[in-house]
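These are the residues of each chain, in order.
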Amino acid sequence: MKKLISILMVLVLLMTAGCSEEKAEDTSSAPGTETTDTAADNSDMTQKEQEASAETEETGEISVYFIKGMGASALMTAVKDQLPEDISLDIHEFADETSLKQEIDASGMPDLLLLEEGMYRDALDPYTLIADGQALPLSEYIESEKMAGTLKEEDYFKGVFTVGEVKDDIYYLPLSMKTYFGITSKAKYEDSPLASLDESYTLEELLDSLLLDKDQHDDGYMLTYPRMIVAPDETVLFMEIMQETGVIRLDPTSGETLVTNEEALEKIKAYCEVVQNDIIISRDIKNSDRFDTFYENYLMVTPNLNLAHQTRYWQSAMTELLQEEEKLLFFPSCNANDTYGATANIVGMIGASSDAKSAAYRVLRRMMDIPETTWIGITIGDTPNILGPVSRKSFEAQLQALTDDYGAKYKLNVQTFTRLSLDETQKETLSKWAEKVVIKPILSMSMVEFVAKLIEK
């Protein structure tokens, strides 16, 4: 099963990567980058204090380690023009997590290390690096920025400056996030048990409705179209769903995974079992290269990719190919139905022995503001789908950019369709989601092992 889901995830990227228009040239600065300028929004500092701060700001070359060809590569491409001009990067791209770990074991941590969700399985665990004293505590840098007025927490999603906390200090900052959500049509929504949900439904109510919908159909009916899921394997995917919904959480001090809601856990496990079965069923559907065929056989698409781009993509597909209206579903937190979760899928850490700590921190902070142009001109299989801004300002700018962009072509297997503007109604829905989302920590190996045992039972 693990091999199967991995193969499906790779195939969908290869199968649907065509028909992407040339990306528009980005001539603007990243949204929110003005907050990292020491002279901006800083009326409490005198000109002399600002000049003195600038003179002592660390510059030079910093080493950066990450895995080649994955999300960190796409992130680096997206933000390279936004990085401080007085700092140069000594970039080391590694073929896999094993070679990256070997280099760290042999030579120590780089100035800046980028880690991705799932990529360090059996190799690098950020919490192990923290426990071993190899990661630099960042709280002092963060507090200094707040005092200087160059960092405003309200410009970022909730949780961004707390997810990397271990034993009363911050050891990593999230650079990208992704969330698990559902996309169906208004017609299918209203013709299913989902229609009985109140506007502020709970996680348990949502899962009950989804499982009831599955029970009302034949075995060949799919609840979830599984080929848009991006995760190393189903264990990581299910961990992500459980953690985002708050059903399980990591105690960063003890390193233990805790179950916070036993009832919701059992329903999540039942839902995940359906997803596993849907992967098998999807292989046998005839004419499966057509969207209308899949639409007849599944209730919803469930990506764990960039929320805004995916919303616009499927909205365009449903409107152009089926003349259907799109409907979004979010998975609320189990203990607070007015919040949603998202996973920090790329994080940045600074080596404790770095000789350029301040410069590395400056780069790390700039990388938290992915420009909205990252998602203009891409299609379903392009790597930037993995990226999601942790900045509220960047997210809102992305929504506006997708609303303003239209007219080119998307491709879904053998079919092409017009790239429509993001609908104003969906734009408002996503803006409301952004007010309620709370970023959750990147997974640890202990959490992966915990979830693996759960789904084996």
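Note that the structure is predicted; figures quoted are calculated from it, not measured. (Residues numbered from 1 in each chain as written. Predicted model: local features only at pLDDT ≥ 70, side-chain atom pairs only at ≥ 80, totals over all residues. Heavy atoms only, no water.)

**Q** Quick one: what's the story with the packing of aromatic side chains, residue by residue and with numbers?
**A** Tallying each qualifying case throughout the model produces 18 aromatic pairs. For the pair phenylalanine 157 and phenylalanine 395, a centre-to-centre distance of 5.6 Å together with 70° between the ring planes defines the contact as edge-to-face. With a gap of 238 residues between them, phenylalanine 157 in the loop between helix H6 (139-148) and strand S4 (165-166) and phenylalanine 395 in helix H14 (residues 392-404) connect regions that are remote in the sequence. Judged by its relative accessible area of 2%, phenylalanine 395 falls in the buried class. On the basis of an interplanar angle of 50° and a centroid distance of 6.5 Å, the ring pair of phenylalanine 291 and tyrosine 295 is categorised as tilted. You can see phenylalanine 291 and its partner tyrosine 295 sitting in helix H11 (residues 291-297), four residues apart, about one turn around the helix. (Phe/Tyr/Trp six-rings, centres within 6.5 Å; stacked < 30°, edge-to-face > 60°. Helix = DSSP H or I, 4+ residues; strand = E, 2+ residues; numbered from the N terminus. Buried < 20%, exposed > 50% of the residue type's maximum accessible area, 1.4 Å probe, protein only.)

**Q** Explain the pattern of salt bridges residue by residue, including any values.
**A** Opposite charge on two side chains permits pairing when their charged atoms draw close. A complete count under the given rule lists 14 salt bridges for this structure. One salt bridge in this structure joins lysine 146 and glutamate 153, with 2.6 Å as the shortest N-O distance. Judged by relative accessible area, lysine 146 falls into the partly exposed class, the value being 29%. Residue classification places glutamate 153 among the partly exposed positions, given a relative accessible area of 39%. (Salt bridge = Lys/Arg side-chain N within 4 Å of Asp/Glu carboxyl O.)

**Q** An account of the confidence of the model for the protein is needed here, citing residue identities and associated values.
**A** For residues with low pLDDT, the predicted coordinates do not support detailed interpretation. In the predicted model, the protein carries a mean pLDDT of 84, and the fraction of residues at 70 or more is 85%. Mean pLDDT across the secondary structure elements of the protein bottoms out at helix H1 (residues 2-15), with 38, and peaks at H14, with 97. Considering only residues more than four positions removed or in separate chains, one finds that residues 1-56, a stretch of pLDDT under 50, has 101 contacts. (pLDDT = per-residue confidence, 0-100. Contact = heavy atoms within 4.5 Å.)

**Q** Tell me what's going on with the nonpolar core, and back it up with residues and numbers.
**A** If you look at the biggest cluster of nonpolar residues, it comprises 137 residues, and the most contacted ones within it are Tyr271, Trp314, Met367 and Trp433. Setting aside residues no more than four positions away along its own chain, methionine 367 makes contact with Leu75, Met76, Val79, Leu83, Leu112, Leu114 and Leu175. (Core = buried A, V, L, I, M, F, W, Y, C linked by side-chain atoms within 4.5 Å.)

**Q** So, the environment of leucine 422: which residues are in play, and what are the values?
**A** Tracing the chain through its elements places leucine 422 in the loop between strand S16 (415-418) and helix H15 (424-436). When the C-alpha atoms of leucine 422 and threonine 403 are compared, they prove to be 4.4 Å apart, with 19 residues separating the residues in sequence.

**Q** Which residues make up a negative patch on the surface, and what values go with them?
**A** There is a patch of like negative charges on the surface, built from Glu190, Asp191, Glu325, Asp404, Asp423 and Glu424. You can see aspartate 191 is positioned in the loop between helix H7 (186-190) and helix H8 (203-215). A relative accessible area of 69% places aspartate 191 in the exposed class. (Patch = residues over 30% accessible without salt bridge, like charges linked within 9 Å, V, L, I, M, F, W, Y side chains within 5 Å. Areas by Shrake-Rupley, 256 points an atom, 1.4 Å probe, with all protein chains shown as cover. Lys, Arg positive; Asp, Glu negative; His and termini not counted. Charge placed at Lys NZ, Arg CZ, Asp CG, Glu CD.)

**Q** Describe the environment of leucine 322, naming the residues involved and giving the relevant values.
**A** Relative to the helices and strands, leucine 322 is located in helix H12 (residues 307-322). C-alpha separation for the pair leucine 322 and tyrosine 295, spaced 27 residues apart in sequence, amounts to 8.9 Å. Setting aside anything within four residues of it in sequence, one finds leucine 322 in contact with Phe291, Asp292, Tyr295 and Ala317.

**Q** So what about the side chain of aspartate 213? Which residues, and what values?
**A** Structurally, aspartate 213 is set in helix H8. Although aspartate 213 is buried, it forms no salt bridge, and the closest oppositely charged side chain is lysine 188 at an N-O distance of 7.7 Å. Excluding its chain neighbours within four sequence positions, the residues that come into contact with aspartate 213 are Ser192, Pro193, Tyr221, Leu223 and Leu299.

**Q** A description of the packing of H8 against helix H10 (residues 262-282) should follow, citing residues and the corresponding values.
**A** The relative placement of two packed helices comes down to the angle between their axes together with the axis-to-axis distance. Contact pair H8 / H10: the axes reach a minimum separation of 10 Å and the direction vectors enclose 35°. As for how H8 packs across H10, the hand of that crossing is left-handed. Here Leu203, Glu204, Leu207, Asp208, Leu210, Leu211 and Lys214 of H8 lie close against H10, whose contacting residues are Ala264, Lys267, Ile268, Ala270, Tyr271, Val274, Asp278 and Ile281. Its residues placed into classes, the contact of H8 with H10 shows 10 nonpolar, no polar and five charged. (Axes fitted to C-alpha atoms, helices over the stretch in contact; angles between N-to-C directions. Left-handed = near helix turned anticlockwise from the far one by under 90°. Nonpolar A, V, L, I, M, F, W, Y, C, P; charged D, E, K, R; others polar.)

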